[in-house]
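Here is how the chains run, residue by residue.
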Amino acid sequence: QKEVEQDPGPLSVPEGAIVSLNCTYSNSAFQYFMWYRQYSRKGPELLMYTYSSGNKEDGRFTAQVDKSSKYISLFIRDSQPSDSATYLCAMSDYKLSFGAGTTVTVRA
Amino acid sequence: KAGVTQTPRYLIKTRGQQVTLSCSPISGHRSVSWYQQTPGQGLQFLFEYFSETQRNKGNFPGRFSGRQFSNSRSEMNVSTLELGDSALYLCASSFRTGDTEAFFGQGTRLTVV
């Protein structure tokens, strides 16, 4: 079993929809939880990171962490075609452990 | 402020050869981590260097090695290349080891034929 599980999708939504992404993990040592966005032929770009359980908002993005359930989520409101990318969750103890990434397409 | 620079962007090598990839971190960043990204395994941690010392290492064979110079630039080397080494190799730079804000370069796409 992988330390971080993420459904690779793909996920296709119409413009303006809410995109919901999630990951589960097994390592209780993970302290920081991050979401990266990766466009084709580019390196991952850090979107958000959180430390504690709860919600964190940044514009159209909301990250949720539930440490008791070992479950994290990312919500994208009012999705735009420019949000089409692969979204990777990542978790940190002494290194970053990544999920497989979910490929999201937002249809205009 | 310049981002993380990886060179070369693309590389084609033959089985059995060796290859060296380069990463220049963001100015002021002293930690450089290397990752391998493949469709089947996703992003996997190779190793991290901080202040010219390897601080952490992932589960890769000894054919994969690296080093860091006094200016924080880092190189990774893969010897005796195998077809399975074909991947996107990414480096990430951060201010210090264990930093949550890691910034990735665009990667080096290595194809082994």
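Worth saying up front: this structure is predicted, and the values here are computed from it rather than measured. (Residues numbered from 1 in each chain as written. Chains lettered and ligands numbered in written order. Predicted model: local features only at pLDDT ≥ 70, side-chain atom pairs only at ≥ 80, totals over all residues. Heavy atoms only, no water.)

Caption draft 1: Structural context of the overall build of chain A. When helices and strands are tallied, chain A shows zero helices and 11 strands. Counted from the first residue to the last, chain A has its helices and strands arranged as β-β-β-β-β-β-β-β-β-β-β. Rg of the C-alpha trace for chain A: 13 Å, near the compact-globule value of 13 Å for 108 residues, within the 12% margin. For the C-alpha atoms alone, the extent of chain A along its principal axes is close to 40 × 25 × 20 Å. Once local pairs closer than 6 in sequence are excluded, the contacts in chain A between residues at least 24 apart make up 53%. Total accessible area on chain A stands at roughly 5200 Å², and carbon and sulfur atoms take up 47% of it. Put simply, chain A has 11 plus and 11 minus side-chain charges, and the middle of one group is 4 Å from the middle of the other. (Helix = DSSP H or I, 4+ residues; strand = E, 2+ residues; numbered from the N terminus. Rg over C-alpha atoms; globule rule 2.2 N^0.38 Å. Contact = heavy atoms within 4.5 Å. Areas by Shrake-Rupley, 256 points an atom, 1.4 Å probe, with all protein chains shown as cover. Lys, Arg positive; Asp, Glu negative; His and termini not counted. Charge placed at Lys NZ, Arg CZ, Asp CG, Glu CD.)

Caption draft 2: Representation of the pattern of salt bridges. All names here are of chain A. For the structure on display, the rule yields eight salt bridges over all chains. Between E3 and K95 there is a salt bridge, with the nearest N and O atoms lying 3.9 Å from each other. One end of the pair, E3, is in the segment before strand 1 (4-6); the other, K95, is in the loop between strand 9 (85-92) and strand 10 (96-98), with 92 residues separating them in the sequence. Exposure remark for K95: the relative accessible area of 16% places this residue in the buried category. Residues D83 and R60 are paired through a salt bridge, measuring 2.8 Å at the closest nitrogen-oxygen approach. Of this pair, D83 sits in the loop between strand 8 (71-76) and strand 9 while R60 sits in the loop between strand 6 (54-58) and strand 7 (61-66), and the two are 23 residues apart along the sequence. (Salt bridge = Lys/Arg side-chain N within 4 Å of Asp/Glu carboxyl O. Buried < 20%, exposed > 50% of the residue type's maximum accessible area, 1.4 Å probe, protein only.)

Caption draft 3: Quick peek at the pairing of strand 8 (residues 74-78) of chain B. Residues and elements named next belong to chain B. The buried fraction of strand 8 is high, at five of five residues. Judged from the five bridges that link them, strand 3 (residues 19-24) and strand 8 form a sheet pairing that is antiparallel. The partner of L21 across the bridge, within strand 8, is M76. Between strand 7 (residues 64-68) and strand 8, which pair antiparallel and follow one another directly, the connecting turn spans five residues, one of which, S72, has a positive phi of 80 degrees. (Pairing = 2+ DSSP bridges.)

Caption draft 4: Examining the environment of G105 of chain B more closely. You can see G105 of chain B is positioned in the loop between strand 10 (103-104) and strand 11 (108-112). Judged by relative accessible area, G105 of chain B falls into the buried class, the value being 1%. In the structure, G105 of chain B is positioned 12 residues away from S93 of chain B in sequence and 8.2 Å away in space, judged by C-alpha atoms. Each residue touching G105 of chain B, except ones within four places of it in the same chain, is listed here: G43 of chain A together with V4, Q6, L90 and C91 of chain B.

Caption draft 5: Structural detail: the sheet that holds strand 8 of chain B. Residue and element names in this part refer to chain B. Strand order in the open sheet made by the four strands is 1-3-8-7, with antiparallel pairing throughout. Looking at the sheet topology across the chains shown, the edges are occupied by strand 1 (5-7) and strand 7. Within the sheet, the average angular offset between the axes of one strand and its neighbour, ignoring direction, is 20 degrees. Bridge count between strand 1 and strand 3: three bridges; the pairing is antiparallel. The residue bridging T7 from the neighbouring strand is S22, located in strand 3. (Axes fitted to C-alpha atoms, helices over the stretch in contact; angles between N-to-C directions.)

Caption draft 6: Here's a closer look at the environment of V104 of chain A. Mapped onto the elements of the fold, V104 of chain A is located in strand 11 (residues 102-107). Taking the C-alpha atoms as reference, V104 of chain A lies 16 Å from T62 of chain A; in sequence the two are 42 residues apart.

Caption draft 7: Spotlight on the packing of aromatic side chains. Taken as a whole and judged by the stated rule, the model has 11 aromatic pairs over all chains. Judged by centre distance (6.0 Å) and plane angle (70 degrees), the rings of F98 of chain A and F104 of chain B are edge-to-face. On the criterion of chain membership, the pair formed by F98 of chain A in strand 10 and F104 of chain B in strand 10 is interchain, its members lying in two chains. Here F98 of chain A matches F104 of chain B in class, with each residue buried. Measuring from ring centre to ring centre gives 5.2 Å for F60 of chain B and F64 of chain B, while their planes differ by 65 degrees; the resulting arrangement is edge-to-face. (Phe/Tyr/Trp six-rings, centres within 6.5 Å; stacked < 30°, edge-to-face > 60°.)

Such coordinate-based values are descriptive only and should not be taken to indicate function.
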